[in-house]
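Notes for the structure review
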Amino acid sequence: GRWHDTEAYFNDTWKFSKRVTLNLGVRWSRYGQPYSDNDRISNFIPRLYDGTDPASGLVNPDNQGFNRALTENHNLYFQPRVGIAWDIKGDGKTALRLGGGRYLSRSNVTNVLLMGVNPPWTKSVAFGWGGGSTSLSDDPTSRSLDTISPGLANASVGINAATNLNAVAEDFRPPESWQWNLTLSREILPNTVVEASYVGNRGLHLWRRVNWNEVVPSARLTVAQAVLSGDPDANAIINANRRLVGVGRIRMSESTGNSFYHGLQIWLNRRFSNRLAFQAAYTWSHNISDVPVQSYAAFDIATSDAFNYRLDRGDADLDRRHTFVANAVYALPRFKNLGAIGSAILGDWQLNGIASFFTGTPLNVLSGANAAGQGIAGGQRPNLVPGVPIYLNDPNRPLQYLNPAAFALPAPGQLGNLGAGVIRRPGISNIDFSINKNWRMRERFNIQFRAEMFNVFNHPNFAISALDDPGENRLSFGQLMGDPNFGVPTNGSFGQLTRTRGSREIQFGLKFSF
């Protein structure tokens with residue numbers, strides 16, 4: 001892929017008075033849509049589909065009025081910024097600062113890579129297995145051990161109603177955010193400052209990837225009944241009720257995501273003086289979105305309804321309601337009064353510590369069953385059972401974090417009532433400690449010994465699953481009505497604490513500087 005960025009900016013600082021400083025700026029950006037250097041890409045445009053031939057919706061670079069990128073370029077990206085600093089009393093100890101602006105960035109260039117695997121650049125093959133054939137040797141269309149039969153070679157179909165396609169919305173735009181903050185700062189002791197800030201952020205045009213050619217809502221009950229009953233024609237029923245009949249799955253990239261962030265941040269900072277320095281920061285915040293903002297692998301299963309994106313509006317996947325981090329550095333005296341030997345042994349030691357405490361981020365619990373009657377189970381969430389505890393604290397099963405009985409399979413044709421971001425992972429508590437010893441060897445040479453302990457108390461921080469691994473958050477309900485496991489979670493590892501974030505680590509180091 002190739003792309004071109006062009007940017008220009010202007011900034012000016014105006015000392016409005018001795019106590020007020022104004023900062024104004026504007027940036028202009030043009031993020032050209034990425035394109036293929038050899039033009040071997042194609043985009044599926046739903047509005048061009050003629051209703052019979054899937055190839056009618058495919059466009060190639062510099063054809064039918066499309067540019068090389070096959071998506072529109074946007075040029076008027078002006079990003080104003082403003083900042084004000086006010087020394088309230090004029091003594092340099094109390095300040096009020098506020099700022100805001102518009103910010104843009106380049107979107108992920110994965111889109112151009114996905115368009116490179118569309119027809120005609122890749123083709124599917126109908127291998128024709130079946131009938132009376134029971135082995136490779138007697139099937140006329142299948143590959144033998146060392147050759148490809150003419151039947152298989154001639155079965156290249158290019159594109160048909162079963163072909164899966166990739167598409168990028170014609171008006172795809174780079175992501176942007178409006179950011180603002182208000183900070184009150186006060187020096188409460190010599191070399192010690194405390195700040196309280198309100199920080200806000202509004203994200204627009206975030207990347208969303210969705211199975212666009214889904215079953216229409218009016219047909220979901222019919223499809224669900226076919227899927228749940230094990231109807232052998234279920235796939236045909238699904239394809240006959242898609243948004244575009246005659247076309248398979250369409251993985252569409254859109255810039256329709258939104259996010260909101262509001263946070264209170266308190267920061268205490270003591271600069272190093274009298275052998276001591278420390279910092280402490282606490283954040284109470286809330287991040288809401290309707291698309292994943294952290295996990296790339298979750299994009300394909302993040303949209304539960306291609307016709308109603310608001311169903312996925314909830315706590316964002318990186319939302320941490322509370323965070324607290326503190327660190328301190330203390331340098332012991334040099335003990336010169338103990339003489340050269342005593343000072344060399346007891347002097348110039350330094351103690352360092354970091355304490356971190358975070359509440360858990362959301363976990364997207366999936367049903368793993370196509371009860372809603374969509375094309376795929378994808379991002380379908382289950383029902384939440386009223387009155388049943390979600391989190392377990394069972395001493396007989398200490399690693400079973402979530403209660404499978406708290407979730408149920410929705411009724412046929414219905415999406416679950418469990419909202420996005422409702423379930424939370426375990427929090428994190430961690431303390432690191434290190435001790436240093438410095439020796440000055442003449443004026444130019446120094447030796448430092450370090451002993452570092454990460455997770456010094458060996459506190460277990462259990463994790464339910466990796467962000468990019470849905471294994472422990474998928475219930476995998478049995479979805480065949482005649483099966484004894486119908487409506488029963490079959491994933492034995494669901495909701496289990498299967499790993500930790502690391503045990504205690506101790507390391508030593510010796511550094512010579514000159």
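Here the structure is a predicted model, which is why all the values come from computation and not from measurement. (Residues numbered from 1 in each chain as written. Predicted model: local features only at pLDDT ≥ 70, side-chain atom pairs only at ≥ 80, totals over all residues. Heavy atoms only, no water.)

Quick word on the packing of aromatic side chains
Definition in use: Pairs were defined over the aromatic rings of Phe, Tyr and Trp, the Trp ring being its six-membered one, requiring ring centres within 6.5 Å. Orientation was assigned from the angle between planes: stacked under 30 degrees, edge-to-face over 60, tilted for the rest. Here the term buried applies to any residue with accessible area under 20% of the maximum for its type, exposed to any over 50%, and partly exposed to those in between, with areas from a 1.4 Å probe on protein chains only. Strands here are runs of E lasting at least two residues and helices are runs of H or I lasting at least four, both read from the DSSP assignment and numbered beginning at the N terminus. For a lysine, the NZ atom is tested; for an arginine, the CZ atom; a charge sits over a ring if that atom is within 6 Å of the ring centre and within 35 degrees of the ring normal.
Per the stated rule, a full pass over the model turns up eight aromatic pairs. Where Trp14 meets Phe16, the ring centres are 5.1 Å apart and the plane angle is 80 degrees; that geometry is what we call edge-to-face. Assessed through its relative accessible area of 54%, Phe16 is described here as exposed. On the numbers, 5.3 Å between centres and 55 degrees between planes, the contact of Tyr391 with Tyr401 is tilted. Placement of Tyr391 in the loop between strand S18 (383-384) and strand S19 (407-408) and of Tyr401 in the loop between S18 and S19 is noted, with a sequence separation of ten residues between them. Since its relative accessible area comes to 35%, Tyr391 is described here as partly exposed. With a relative accessible area of 16%, Tyr401 lands in the buried category. A network of ring pairs unites the aromatic residues Phe445, Phe512 and Phe514 as a single cluster. Above the ring of Tyr309, the side-chain terminus of Arg208 is found at 3.8 Å from the ring centroid. Of note, Arg243 hangs over the ring of Trp212, and the distance from its end group to the ring centre comes to 4.1 Å.

As for unusual backbone geometry
A cis geometry characterises the amide bond from Pro119 onward to Pro120, with omega recorded as 5 degrees. Inspection of the secondary structure puts Pro120 in the loop between helix H1 (110-115) and strand S7 (124-125). For Asp39, which is not a glycine, the phi torsion comes out positive at approximately 60 degrees. With respect to the helices and strands, the residue Asp39 is situated in the loop between strand S2 (20-31) and strand S3 (43-44). Here Asp39 falls in the partly exposed class, since its relative accessible area comes to 25%.

Focus on a nonpolar patch on the surface
The cut-off we apply is this: Nonpolar side chains (Val, Leu, Ile, Met, Phe, Trp, Tyr) within 5 Å and like charges within 9 Å form the patches, drawn only from residues with over 30% relative accessible area and no salt bridge. Note on areas: Shrake-Rupley with a 1.4 Å probe; residue coverage comes only from the protein chains shown. Here, a salt bridge means any side-chain nitrogen of Lys or Arg that lies within 4 Å of a carboxyl oxygen of Asp or Glu.
A grouping of Leu24, Val82, Ile84, Leu98, Trp178, Trp180, Leu182 and Tyr198 is seen on the molecular surface, where their side chains present a nonpolar patch of about 640 Å² in accessible area. The set of elements that each furnish at least two residues to the nonpolar patch consists of strand S5 (77-87) and strand S10 (176-189). Top contributing element to the nonpolar patch by residue count: S10, with three residues.

Some remarks on the confidence of the model for the protein chain
The criterion, for reference: Within a predicted model, pLDDT stands for the predictor's per-residue confidence, ranging from 0 to 100. Whether two residues are in contact is decided by their heavy atoms: any pair within 4.5 Å suffices.
Per-chain confidence: the protein chain averages 88 in pLDDT, with 90% of residues scoring 70 or above. Segment residues 150-155 is flagged for pLDDT under 50; beyond a separation of four residues in sequence, or across chains, it makes ten contacts in the model.

What about the nonpolar core?
This is how it is decided: Buried residues of nine kinds, namely Ala, Val, Leu, Ile, Met, Phe, Trp, Tyr and Cys, make up a nonpolar core once their side-chain atoms join them within 4.5 Å.
Counting residues in hydrophobic clusters, the biggest one holds 17 residues, and the most contacted among them are Val365, Leu402, Phe407 and Ile423. For Ile423, the residues in contact, after removing those within four places along its chain, are Thr361, Pro362, Leu363, Val365, Ile390, Tyr391, Leu402, Phe407 and Leu418. Counting 15 residues, the second largest nonpolar core, distinct from the first, contains Ala167, Ala169, Leu244 and Val247.

A short note on the environment of Asn211
Tracing the backbone through its elements, the reader meets Asn211 in strand S11 (residues 192-211). The spatial distance from the C-alpha of Asn211 to the C-alpha of Ile250 is 5.7 Å, given a sequence separation of 39 residues. Residues contacting Asn211, with those up to four places away along its chain left out, are Arg249, Ile250, Ala306 and Ile376.

Structural notes on the layout of surface pockets
The criterion, for reference: Here a cavity denotes a set of grid points, spaced 1 Å apart and computed over the protein atoms alone, in which a 1.4 Å probe fits but from which it cannot get out, and a pocket denotes an open set meeting protein on both sides within 12 Å along at least five of seven lines; residues with an atom within 4 Å of a point are reported as lining. Grid points are joined across faces, edges and corners, and a volume is the space filled by probe spheres set on the points. Throughout, the ten residues Ala, Val, Leu, Ile, Met, Phe, Trp, Tyr, Cys and Pro are labelled nonpolar, Asp, Glu, Lys and Arg are labelled charged, and all others, Gly among them, are labelled polar.
Taken as a whole, the second largest pocket holds about 370 Å³ of empty space. Considering the residues around the second largest pocket, the lining is formed by 23 residues, among which Pro175, Leu206, Trp207, Pro292 and Val293 are closest to the centre. At the level of elements, strand S6 (94-104), S10 and S11 are the ones that each hand at least two residues to the lining of the second largest pocket. Looking at which element gives the most residues to the lining of the second largest pocket, the answer is S11, with five residues. Taken together, the residues of the lining of the second largest pocket break down into eleven nonpolar, ten polar and two charged.

Let's talk about empty space enclosed by the protein
Inspection of the entire model under this criterion finds four cavities of 30 Å³ or more. There is about 70 Å³ of room inside the second largest cavity. Residue lining of the second largest cavity: Gln33, Pro34, Ala69, Thr71, Ser107, Asn108, Asn111, Val112, Met115, Val168 and Phe172, and that is the complete set. Among the residues making up the lining of the second largest cavity, the classes are represented as six nonpolar, five polar and no charged.

A short note on the side chain of Asn403
The test is simple: The term polar contact refers here to a pair of N or O atoms within 3.5 Å; inside protein, the definition further demands a hydrogen-donor-capable atom paired with an acceptor-capable atom, and it admits residues adjacent in sequence only when both atoms are side-chain atoms.
With respect to the secondary-structure elements, Asn403 resides in the loop between S18 and S19. Among the residues examined, Asn403 registers a relative accessible area of 11% and is labelled buried. Reaching out from Asn403, the side chain makes a polar contact with the backbone oxygen of Pro389 at a distance of 3.1 Å. The residues contacting Asn403, other than those within four sequence positions of it, are Val388, Pro389, Ile390 and Leu392.

Comments concerning the side chain of Asp87
Spelled out, the test is: Neither His nor the chain ends is counted toward charge; the positive residues are Lys and Arg and the negative residues Asp and Glu.
Topologically, Asp87 is positioned in strand S5. It turns out Asp87 is buried and unbridged, and the closest side chain with the opposite charge, Arg19, is 5.7 Å from it. A polar contact is formed between the side chain of Asp87 and the backbone nitrogen of Gly92, at a distance of 3.1 Å. With near-sequence residues (within four places) excluded, Asp87 lies in contact with Arg19, Gly92, Lys93 and Thr94.

A few points about the environment of Gln350
The residue Gln350 is located in strand S16 (residues 349-358) in this model. A relative accessible area of 22% means that Gln350 is categorised as partly exposed. In contact with Gln350, other than residues within four places in its own chain, are Val329, Tyr330, Ala331, Ser434, Ile435 and Asn436. Polar side-chain contacts of Gln350 include one of 2.9 Å to the side chain of Asn352.

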